[in-house]
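Chain by chain, the residues:
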Amino acid sequence: MLKRILILAGALLMAAGVSLAHAGDAAPTLTRLENGLGVLVQPDKRFPLVSLRLYVHAGSAYETPGRSGISHLLEHMVFKGTARRAPGQVAEDIESAGGYLNAATSFDYTVYIIDLPAERLDLGLDVLRDMISGAALDPEELEREKQVVLSELERGEDSPGSRRFQALQPLLWPGTPYERPIIGLRETVSSFTRQDILDYIAEFYQPQSMLAVVVGDVDPARAVDMVRAHFGDLKNTAPTAPRGPLPAPRFDAPRVAVQAGPWNKVYLSVAFPAPALGTAQGPGLDLLAQVLGGDRSSRLYRKYQYELGLVDSISAYAMNLEGTGLFSISAELDRDKLPAFWAGLTADLAALPTATFTDRELDRARLNLEDDLYSSKETLGGLASKLGYFQFFENGPQAEDNYLYALRHAGADELRALAAGVLTREALAATVLLPEGETNAPEALEKDLLAGVDAAFGPGAAAAPKAEAVGGQRGGMDTVDLGGGRTLVLLPDTTLPYTSVTLAAPGGDALLFPDEQGLAELAAQALTRGTADLSATEYRDFLADRAASIGARASRDMFTVSARFPSRFAADVLPLLGRTITAPAFGADEVARAVTEQQAAIRSREDQPTGLAFRHLFPMLFADTGYGQFHEGTVDGIAGLGPAQVREFWARQRRQPWTMAVCGDFDREAVVALARELAAGPPAEPFAFPRPTWGPGHTQALTLPDRNQSHIVVAFPVPGLRSDDSVGLDVLRQALAGQGGLLFRELRDRQGLGYTVTALLWQAPETGFLAFYIGTSPDKTAQALEGFRQAVTGLRETPLAEAEVARAASLIAGDYHRDNQSLSARSAEAAGLLARGFPADHDRENVARAAQVTPADLHALARNWLVWDRAYVLTVEP
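Residue numbers run consecutively from 1 along every chain, following the written order of its sequence. It should be noted that, the model being predicted, local features are given only for residues of pLDDT at least 70 and side-chain atom pairs only at 80 or more, the latter also being counted only at that level, while totals for whole chains, interfaces and linings use all residues. By convention in this description, side-chain values take in all heavy atoms of the structure and omit both hydrogens and water.

## Describing the side chain of Glu829
Then, number 1: Helix and strand definitions follow DSSP, with helices as H or I runs of at least four residues and strands as E runs of at least two, each counted in order from the N terminus. One can find Glu829 in helix H30 (residues 823-835).
Then, number 2: Using a 1.4 Å probe on the protein chains alone, a residue whose accessible area is under 20% of its type maximum counts as buried, one over 50% counts as exposed, and one in between counts as partly exposed. The charged-residue count follows a simple rule in which Lys and Arg add positive charge and Asp and Glu add negative charge, with His and chain termini not counted at all. Note on definitions: salt bridges are taken to be side-chain nitrogens of Lys or Arg within 4 Å of carboxyl oxygens of Asp or Glu. Put simply, Glu829 is tucked away with no salt bridge, and the nearest opposite charge, on Arg844, sits 5.7 Å away.

Okay, here's the thing in structure tokens:
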């Protein structure tokens, strides 16, 4: 769930002594308007952007059973027209200014989100006010949107993760609003009228229940005045108060629910009710979750995934809500491994009240929790969400200090006490999604699992000072030619005490032979599993002890190795990054584990309709080269791969030219030394990006039985990134995509064909495709395909309006600035562009080029490339 956002959205970096209570240019200021609406402003001039959040105490926990899902439906309807804006114009106005618009409904709140250029703050506030107080709620639009929400509901039922959590809710929180899904139920969503929603707005959408958050390049006093001008006349019509903690649930016995479904794997969650927000146990439960299942250095990962190989994935988290909370462990595994895993997990849970927790693992868990939280400062949106959460739910940024103080002082004794008091036999609830066709009925398995709980626990077991904000500055770009096709790019930015490194090289699947499908991805997964001097376990512990990460990623024509770490650990992490590249272990046991995990990932993707569709799309589109391979390979194919093949591939990959980009607060001399050491390796070989042949078959129909929806992808061949048409194609894609885009407006808003309708553009240097996607009801597949065909016909016959093209160009500019706020994004951008043969400012220059694209340009592109008879159509049907 949303633990990091809801519960721990910001904190101190303890070892550095940095307070995030104010993380911008000055401390945040809270102003309470005369009508009770809170206005929290944080100036931050790092980027020419402003991030807005409007929190409303109106979520599913405030709904009666008959109103289940009304909060979420209202969140949808505010985009469907207001008293001043036609349907779709809310999104169109923001996107035309280069902004981003969204909303989210949770148990305890609804939040409206706008990120846009700082000079358009007034527009953002105007749209927010219009959305929350001027929604038109047109009856015809309401009926269409109810169908969209029902489509979204069905989409969730097709997802094992969503199904698993929704099955868990009534076991944990019976008789409370938290037992019902946030999205609502079919019967309630279908029943809502315009008056029902108006009544709900009148009861809950009052200024005294709202908080406006403004973060970015703004003057605080002026920002408050602007909020007052837009929201100051709102009136309170009834008393409201946030929901307090509910009475703690009492259970006499554990509960287990097993559901059989169309899955390849077992999806399991074990959870316990936990205290609500504001209680002292929260930090300790977070620490316990991190120790048990927070990352790859955690106990459960190390035992059940790494050492025993019983699960494909395992994690733990704690979540505190206004009325209640939970502590949960989730796993994905094969059916035949469930008995052994269940016996081991329940025994471990039962033993926690007497378990030993070492200082090292507790220190590591604290450091990584704090590091995860501190990262919220990298983007204005993350900072706005962090500040908004602490103000809205914890009455101010001082809650950060309180949380960190408690986290620092949570020790082994507290974790044992929490396990004894919270993780009890009687409180245990579990949901298991089981593949269909098992010999044991769900009821029989429920009895077996409950017997396992009793065997582990025993039947009837008894319950038991702030520092100143960090300064710093961003510098320019410095390039060092290392010779032999290798380049170092330095991007200094001392506003955060972090360093991000990305080394990018052409290669990946492009270096593979047809019988090696999946090998590049396997090498990427195996690369960071130990070095010549560190075992895989020692490697993970070394990084976790420093809140650092090193990862590798293979794509269809690139291979990247990246690292991110607090700058004070550079002397430790940079040498390890070097050894990871020059002396990876590629041990037989670790490669075998990577094969097993990759096979599990393939099966998991094929359990998801969209995962299945996009996994098969590239082999359909391309007849040769690595672009036409299954990137992860096939389950049987990668079973034959081992250390010898991985080492041979890595030797090929290391002979490619590369670019290493370093962004953040770093020691230039140390970084240059590492780069020169790596450049002294094998000399670079010439590399040419492939130009594949298009596939001969233009239609493919896949089947996933017993799902609710059909999924359609229509792909049109287009030229690659080196083409003069590339920028225009991106503008065309943006004109089609998004809430204000042509496809969304026509197929979702007007025809109500599906929850998700979009367009996407994929381009390599020498090839690419523009694709339309929709998830819809099986009986509407033909209508959706016809809708796509009509959209293509319209684009070929009539140029888009200038306003549509301007909106698309503005969105491209806005997306560029939003997506490149983090250190990791900036190092990845520079390394990736230079490795592909483009200048480092290529994407930024394309933003300027996009602004020059005309309707006539897009009309010509549509006529050249959107040819229905040349399209590829892939469907996934129930």
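## Comments concerning the packing of helix H10 (residues 282-293) against helix H16 (residues 412-422)
Then, number 1: The interhelical angle for the contact between H10 and H16, taken along N-to-C directions, is 95°, at an axis separation of 10 Å. Classified by the angle between their axes, H10 and H16 sit roughly perpendicular to one another. Residues Gly284, Leu285, Leu287 and Leu288 of H10 form the contact with H16, whose participating residues are Glu414, Leu415 and Leu418.
Then, number 2: The nonpolar class holds Ala, Val, Leu, Ile, Met, Phe, Trp, Tyr, Cys and Pro. Asp, Glu, Lys and Arg form the charged class, and all remaining residues, Gly among them, are polar. When its residues are assigned to classes, the contact of H10 with H16 shows five nonpolar, one polar and one charged. In this analysis an axis means a line fitted to C-alpha atoms, helices contributing only their contacting stretch, and an angle means the value between N-to-C directions, from 0 to 180 degrees. Roughly parallel refers to an angle under 35 degrees, roughly antiparallel to one over 145, roughly perpendicular to one between 65 and 115, and oblique to any angle outside these ranges. Contacts between residues were defined by any pair of non-hydrogen atoms, one from each residue, lying within 4.5 Å.

## Brief notes about helix H25 (residues 668-679)
Then, number 1: Between its terminal C-alpha atoms H25 stretches 16 Å, which fits the 16 Å expected from twelve residues at 1.5 Å a residue.
Then, number 2: Considered for burial, the residues of H25 that qualify are Val671, Val672, Leu674, Ala675, Leu678 and Ala679. The arc that holds every buried residue of H25, seen down its axis, measures 160°, which confines them to one face.
Then, number 3: Its buried side turned inward, H25 meets strand S12 (478-483), strand S13 (486-492), strand S14 (498-506), helix H20 (570-582), helix H24 (643-654) and strand S17 (658-664).
Then, number 4: Polar contact criterion, stated in full: a pair of N or O atoms within 3.5 Å, where within protein one must be able to donate a hydrogen and the other to accept it, and residues adjacent in sequence count only if both atoms are side-chain atoms. Its side-chain oxygen at 2.9 Å from the backbone nitrogen of Glu669, Asp667 defines the N-terminal cap of H25. A helix is expected to span 1.5 Å multiplied by its residue count minus one. The arc in question is formed by the directions pointing from the helix axis toward the C-beta atoms.

## Remarks on the pairing of strand S8 (residues 266-274)
Then, number 1: Within S8, nine of the nine residues are buried, leaving the element largely enclosed by the surrounding structure.
Then, number 2: Residues of S8 alternate between two faces, with Val266, Leu268, Val270, Phe272 and Ala274 on one and Tyr267, Ser269, Ala271 and Pro273 on the opposite face, all of them buried.

## Digging into the sheet that holds strand S18 (residues 699-703)
Then, number 1: Strands sit in the order S18-S22-S19-S21-S20 across an open sheet of five strands; the sheet is mixed. Each end of this open sheet is capped by a strand with a single partner; those strands are S18 and strand S20 (757-763). Strand-to-strand twist of the sheet, defined as the mean angle between neighbouring strand axes without regard to direction, takes the value 15°.
Then, number 2: Criterion used throughout: strands pair if DSSP finds at least two bridges between them. By the bridge criterion, five bridges tie strand S19 (residues 710-718) to strand S22 (residues 872-877) in an arrangement that is antiparallel. Bridge assignment links His711 to a residue of S22, and that residue is Val876.
Then, number 3: Contacting S19, S20, strand S21 (768-776) and S22, helix H28 (residues 781-797) crosses the sheet at an angle of about 25° to S19.

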